[in-house]
Amino acid sequence: VGYDPKADGRNISSFEVAVAGSVSGLVTRVMISPLDVIKIRFQLQIERLSRSDPGAKYHGILQAGRQILQEEGPTAFWKGHVPAQLLSIGYGAVQFLSFELLTELVHRATTYDARDFSVHFVCGGLSASAATLAVHPVDVLRTRFAAQGEPKVYKTLRDAVVTMYRTEGPLVFYKGLNPTLIAIFPYAGFQFSFYSALKHLHQWVLPAEGRKSENLKNLLCGSGAGVISKTLTYPLDLFKKRLQVGGFEQARATFGQVRSYRGLLDCAQQVLREEGPTGLFKGLSPSLLKAALSTGFVFFWYELFCNLFHHMKKGDS
């Protein structure tokens, strides 16, 4: 992942990098959508995630899964899947292409090693920020669909876009952008840098494994990088989700208490005051599980498709 001046002749075009990023995002999204829906429900719940709170609708991953299945059916786990797929495809393409170009620019224009931890952190953060700006409106749509219960407020993607634009104005599609950008830079920076660091660590610990376990190594190192980065930046992800459903309170009535926030600082203050420090980490368990699977599989599929393109060019296929 990223430009490597020492690579053994791997010649992947920018288009192929973008395709590999898109496909890796698409396949991964299908796999982790149920965890994403549960995570969003947890993040938006004001009440404690505990059986001891009589007002709590959800208090555990398995309990939430059973309740969503019982009340809304199996398709509920893929609510908002169309905008989520658009998000994953667009985000993956822009992020991996930007990262490849930025690391190559660092190698050619500076004296820094393009494989350094710090270079991967900065380039990973910048590439994710560019991808976020490109797809944030779709992220808001995905969150709205995943957050709504029954009966649905939005029936189709087109209905959601038209209704949100008419009732809340064009800026509704950029709700939660500030905490998203603040969180995504270190989150993605840590993802790319820890992924590279963990791969080097794996090579140091198990040098004899060679390339025979390359795919498994990519999956495990990606999962580890996802867990570390998500834990370090989690509260900002929670604030983003709370802000994205602002003005959408009627669809949240059946889930328990609802709150309105005036901005990022007000959201942080209200969460701390009403829900305590643990409120900053609501939904962390499904989020870490999702981060481990999604980051692991994104890097796994990306590397797999890049290698596939490389072998096709060499005629090995």
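Sequence positions are assigned chain by chain, starting from 1 and proceeding in written order. Residues qualify for local features only when their pLDDT is at least 70, as the model is predicted, and side-chain atom pairs are given and counted only at 80 or more; totals for whole chains, interfaces and linings, by contrast, use all residues. The side-chain figures draw on all heavy atoms in the structure; neither hydrogens nor water molecules are used.

By the naming in an unreviewed UniProt entry, the chain goes by Mitochondrial thiamine pyrophosphate carrier and is assigned to Neovison vison. UniProt positions are given in the numbering used here, feature names are shortened, and annotations may be inferred rather than shown by experiment. Listed under Subcellular location (unreviewed entry) in UniProt, the entry text for the chain is "Mitochondrion membrane". Looking at the Catalytic activity (unreviewed entry) heading of the UniProt record, one finds this comment for the chain: "thiamine phosphate(out) + thiamine diphosphate(in) = thiamine phosphate(in) + thiamine diphosphate(out)".

## Notes on the UniProt feature "repeat: Solcar" (unreviewed entry) in the chain
Here, UniProt's "repeat: Solcar" (unreviewed entry) annotation points to residues 12-105, 115-201 and 213-308. Here residues 12-105 is 72% helix and 0% strand, with 16 Å between the C-alpha atoms at its ends. Each helix corresponds to a stretch of at least 4 residues labelled H or I by DSSP, and each strand to a stretch of at least 2 residues labelled E; elements are numbered beginning at the N terminus.

## Here we look at the packing of helix α1 (residues 14-44) against helix α2 (residues 61-72)
Helix packing geometry: the angle between the two helix axes and the distance between the axes. Convention adopted: a line fitted to C-alpha atoms gives each axis, helices being fitted over their contacting stretch, and angles between N-to-C directions are expressed from 0 to 180 degrees. Between α1 and α2, the least distance of the axes is 10 Å, while the angle of their chain directions is 100°. As far as their axial angle goes, α2 and α1 are roughly perpendicular. Contacts from Val37, Ile38, Arg41 and Phe42 in α1 reach Ile61, Ala64, Gly65, Ile68 and Glu72 in α2. Here the residues of the contact of α1 with α2 sort into six nonpolar, one polar and two charged. For classification, angles of less than 35 degrees are called roughly parallel, those exceeding 145 degrees roughly antiparallel, those between 65 and 115 degrees roughly perpendicular, and all remaining angles oblique. Throughout, a residue-residue contact means that at least one pair of heavy atoms, one from each residue, lies within 4.5 Å. Under the convention adopted here, Pro, Cys and the residues Ala, Val, Leu, Ile, Met, Phe, Trp and Tyr are nonpolar, Asp, Glu, Lys and Arg are charged, and Gly plus all remaining residues are polar.

## Looking at the packing of α1 against helix α4 (residues 117-147)
It is the contact of α1 with α4, at a shortest axis distance of 9 Å, that shows an interaxial angle of 75°. As summarised for this structure, α1 and α4 are arranged roughly perpendicular, according to the angle between their axes. Facing α1, whose interface residues are Arg29, Asp36, Val37, Ile40, Arg41 and Leu44, α4 presents Arg142, Thr143, Ala146 and Ala147. Taken together, the residues of the contact of α1 with α4 break down into five nonpolar, one polar and four charged.

## Quick look at the nonpolar core
What is meant by a nonpolar core is a set of buried Ala, Val, Leu, Ile, Met, Phe, Trp, Tyr and Cys residues, joined one to another through side-chain atoms within 4.5 Å. Burial here depends on accessible area, computed with a 1.4 Å probe over protein chains only, as a share of the maximum for the residue type. Under 20% is buried, over 50% is exposed, and the range in between is partly exposed. Ranked by size, the top nonpolar core spans 16 residues in total, and within it Phe96 and Tyr302 carry the most contacts. For this core, the secondary structure elements donating two or more residues are α1, α3 (81-109), α4, α6 (177-205), α7 (214-244) and α9 (284-314). Here this core gets four residues from one element, more than from any other, and that element is α9. Residue ranges labeled as domains rest on an automatic or database domain assignment. Split by domain, this core shows at least three residues from each of two domains, domain 1 (1-78 + 283-316) and domain 2 (80-174). Val37, Ile40, Tyr58 and Ala64 belong to the second largest nonpolar core, which has 13 residues in total.

## As for the pattern of salt bridges
For this document, the term salt bridge refers to a Lys or Arg side-chain nitrogen within 4 Å of an Asp or Glu carboxyl oxygen. For the coordinates displayed, the defined rule picks out 20 salt bridges. Ionic pairing is found between Asp36 and Lys39, a salt bridge with its closest N-O pair at 3.7 Å. Separated by three residues within a single helix, Asp36 and Lys39 lie in helix α1, roughly one turn from each other. In this structure, Asp36 and Lys39 share a single accessibility class: buried. Its salt-bridge partner being Asp237, residue Lys240 comes within 3.6 Å of it at the nearest N-O pair. Separated by three residues within a single helix, Lys240 and Asp237 lie in helix α7, roughly one turn from each other. Residue Lys240 shares its accessibility class with Asp237, and that shared class is buried. Through salt bridges with shared partners, one network takes in Arg29, Asp36, Lys39, Asp139, Arg142, Lys230, Asp237, Lys240, Lys241 and Lys290.

## Regarding the domain arrangement of the chain
Taken domain by domain, the chain comprises domain 1 (1-78 + 283-316) and domain 2 (80-174). Summarising the inter-unit geometry, the C-alpha centres of domain 1 and domain 2 are found 14 Å apart. Counting from both sides, the interface comprises 26 residues of domain 1 and, opposite them, 28 residues of domain 2. When two components associate, each loses some accessible surface as probed by a 1.4 Å sphere; the sum of these losses over both components is called the buried area. The contact between domain 1 and domain 2 buries some 2,300 Å² in all, and 61% of this surface belongs to carbon and sulfur atoms. Counting the contacts that link domain 1 with domain 2 gives one salt bridge. Its salt-bridge partner being Arg142, residue Asp36 comes within 2.5 Å of it at the nearest N-O pair. In the analysis that follows, any N or O atom pair within 3.5 Å is treated as a polar contact, provided that within protein one partner can donate a hydrogen and the other can accept it, and provided that, for residues neighboring in sequence, both atoms belong to side chains. Here domain 1 is connected to domain 2 by five residue pairs in polar contact (both at pLDDT 80 or more). The dominant element in the side of domain 1 that touches domain 2, judged by the number of residues it contributes, is α1, at 16 residues. Residues of the side of domain 1 that touches domain 2, tallied by class, amount to 14 nonpolar, seven polar and five charged.

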